[in-house]
Amino acid sequence: MSKLNAVLFKGFREYESNRAKMNDAIMALHVSRHLALGRLETQPYSNELASTLFPLTQDIGRLNLPVHKIQEVIEASERHFAYMAIPHVLAVHHEAIKSLQRLWLGQGQSQAKRLVSKSRPLTDEILGKEEFGETHTNLKMLTGADLPDDLLTFMEVARRVRNRIIHAGGVSGGNLNSELRNGLKSGSKLWSDWAGRPLALGANKEELTLDVQDVIAVLAGSTKLARLACAAVAKRIDNSVWADVAVLDFKEQSPRVYGHADTRVRGLLGFSRTYYYAVKLSRFELEDAISRERSTHNKK
């Protein structure tokens, strides 16, 4: 799904920017690993200390190892790279979903449109303390947004892998292997599709055998779900509310243009087409929102 199908309000633009930077950084580190291995393989003196052969390379002395040993370390580093990257990818995704929750609550939608639930009402305070495993359930309960079951199952697989990384040092355990073959099967299939091979967890008490392909799978799945969630929530918010959001967003981004009556509407129309295209706000809706904003401004 293209990000053009999502509404790029301020919080979601920040997510897209952070996601792009994260994606580029992860790929840069991955490519750098291969470049380093390629450079080391050309060295004829593999028993020499790397700091002797590459004295100008910053911090090379911290390894204090000969070239052939550094090659071994780099070749074995991909698993640890995945251990660090996957929790970060999921943390960025969590912020994307929380931006949708904050938008909903901030626009007063929680009482008007939330699904009937026996649970306690969701508030900013409760959402601020939510665990990652609760975030999609909370979004659905708060907004009634319909999210694909297979993607939610995929994210549950990713969450459990993350938990083995951050709570068990990357050691496999629990019932995860059997659950991947049964209750979490649809999520495992998506993982295989994006990674190009099945998720390899190993036996209990063994380290998870993850690599960059698993990171790519989590990047793909979390990005797709975040954009689908944004589009689903957007459909449940009235255009009049989106127009109010767009006006305040534009006012913050371009205060000088917004401050002049002769450029305000024209500038807002262009801004809306760029970032709020998915909800297709009309000139009439935007002008009404400007009137509401100006009225509120004049009362202060």
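One can find the structure itself at the top, above this paragraph.
Overview of the structure. Just so you know, these numbers come straight off a predicted model, no measurement behind them.

The next subject is the overall build of the chain. Helix and strand counts for the chain come out as 15 helices and 0 strands. By the compact-globule yardstick of 19 Å for 300 residues, the chain is too spread out, its C-alpha radius of gyration being 24 Å. The proportion of buried residues among the 300 residues of the chain is 44%. Residue pairs at least 24 apart in sequence account for 72% of intrachain contacts in the chain once pairs closer than 6 positions are excluded. Accessible surface, the chain as shown: approximately 16,000 Å² in total, 52% of it carbon and sulfur. Distance between charge centroids for the chain: 5 Å, based on 42 positive and 34 negative side chains.

With the rule as written, the count across this model stands at 10 aromatic pairs. Pairing Phe-9 with Phe-12 gives two aromatic rings, centres 6.3 Å apart and planes at 35°, and the pair type is tilted. Assigned by exposure class, Phe-9 and Phe-12 land together as buried. These aromatic residues form a ring-pair network of at least three members: Phe-9, Phe-12, Tyr-15, Trp-242, Phe-250, Tyr-258, Phe-271, Tyr-275 and Tyr-276. Across from the ring centre of Tyr-258, 5.0 Å away, lies the NZ or CZ of Arg-264, which sits over that ring. Over the ring of Tyr-277 we find Lys-280; its NZ or CZ atom is 4.4 Å from the centre of that ring.

We now examine the nonpolar core. The biggest cluster of nonpolar side chains holds 76 residues, and the ones touching the most others in it are Phe-9, Phe-12, Val-161, Trp-191, Leu-210, Trp-242 and Tyr-276. Of all the elements, helix H4 (residues 77-106) adds the most residues to this core, at 14 residues. With 8 residues, the next largest nonpolar core counts Leu-37, Ala-50, Phe-54 and Ile-70 among its residues.

A word on the side chain of Asp-214. Within the secondary structure, Asp-214 sits in helix H11 (residues 212-235). Within polar-contact distance, the side chain of Asp-214 engages the side chain of Arg-197 at 2.6 Å. Those residues in contact with Asp-214, other than ones at most four positions away along the chain, are Ile-86, Trp-191, Ala-195, Arg-197, Leu-199 and Thr-209.

Next up on the list: the pattern of salt bridges. Tallied over the entire structure, the rule returns 19 salt bridges. Taking the shortest distance from any N to any O, the salt bridge between Glu-95 and Arg-102 comes out at 3.7 Å. Here Arg-197 and Asp-211 are joined by a salt bridge, their closest N and O atoms 2.6 Å apart. Highlighted residues: Arg-197 in the loop between helix H10 (185-195) and H11 and Asp-211 in the loop between H10 and H11, separated in sequence by 14 residues.

As a volume, the largest pocket reaches approximately 390 Å³. The wall of the largest pocket is formed by 21 residues, among which Phe-9, Lys-10, Gly-11, Glu-14 and Ser-99 lie closest to the centre. For the lining of the largest pocket, the elements supplying multiple residues, two or more each, are helix H1 (10-41), H4 and helix H12 (239-253). Residues belonging to the lining of the largest pocket are distributed by class as follows: 9 nonpolar, 5 polar and 7 charged. Lining of the second largest pocket is provided by 13 residues; of these, Ala-36, Ile-60, Leu-63, Ile-70 and Ile-74 occupy positions nearest its centre. If you list the elements that add at least two residues to the lining of the second largest pocket, you get H1 and helix H3 (67-75). Per-class residue counts for the lining of the second largest pocket are 9 nonpolar, 2 polar and 2 charged.

Tracing the backbone shows Ile-237 in the loop between H11 and H12. Its relative accessible area of 4% is what places Ile-237 among the buried residues.

With that settled, the discussion passes to the packing of H1 against H11. The N-to-C vectors of H1 and H11 enclose an angle of 170°; their axes lie 12 Å apart at closest approach. Taken together, the axes of H1 and H11 lie roughly antiparallel to each other. Contacts from Phe-12, Tyr-15, Glu-16, Arg-19, Met-22, Asn-23, Ile-26, Met-27 and His-30 in H1 reach Val-212, Val-215, Ile-216, Leu-219, Ser-222, Thr-223, Ala-226, Arg-227 and Cys-230 in H11. Split by residue class, the contact of H1 with H11 holds 11 nonpolar, 4 polar and 3 charged.

A few words now on unusual backbone geometry. Even without being glycine, Asn-64 reaches a positive phi, approximately 50°. By the element assignment, Asn-64 lies in the loop between helix H2 (50-53) and H3.

Considering the arrangement of structural elements, one finds Leu-29 in helix H1. The sequence separation of Leu-29 and Phe-81 amounts to 52 residues, and the corresponding C-alpha distance is 8.8 Å.

Parameters at a glance
- Residues numbered from 1 in each chain as written.
- Predicted model: local features only at pLDDT ≥ 70, side-chain atom pairs only at ≥ 80, totals over all residues.
- Heavy atoms only, no water.
- Helix = DSSP H or I, 4+ residues; strand = E, 2+ residues; numbered from the N terminus.
- Rg over C-alpha atoms; globule rule 2.2 N^0.38 Å.
- Buried < 20%, exposed > 50% of the residue type's maximum accessible area, 1.4 Å probe, protein only.
- Contact = heavy atoms within 4.5 Å.
- Areas by Shrake-Rupley, 256 points an atom, 1.4 Å probe, with all protein chains shown as cover.
- Lys, Arg positive; Asp, Glu negative; His and termini not counted.
- Charge placed at Lys NZ, Arg CZ, Asp CG, Glu CD.
- Phe/Tyr/Trp six-rings, centres within 6.5 Å; stacked < 30°, edge-to-face > 60°.
- Lys NZ or Arg CZ within 6 Å of the ring centre and 35° of its normal.
- Core = buried A, V, L, I, M, F, W, Y, C linked by side-chain atoms within 4.5 Å.
- Polar contact = N/O pair within 3.5 Å; in protein donor to acceptor, adjacent residues only side chain to side chain.
- Salt bridge = Lys/Arg side-chain N within 4 Å of Asp/Glu carboxyl O.
- 1 Å grid on protein atoms, 1.4 Å probe; cavity = no way out; pocket = protein on both sides within 12 Å on 5 of 7 lines; lining within 4 Å.
- Points joined across faces, edges and corners; volume = space filled by probe spheres on them.
- Nonpolar A, V, L, I, M, F, W, Y, C, P; charged D, E, K, R; others polar.
- Axes fitted to C-alpha atoms, helices over the stretch in contact; angles between N-to-C directions.
- Parallel < 35°, antiparallel > 145°, perpendicular 65-115°, else oblique.

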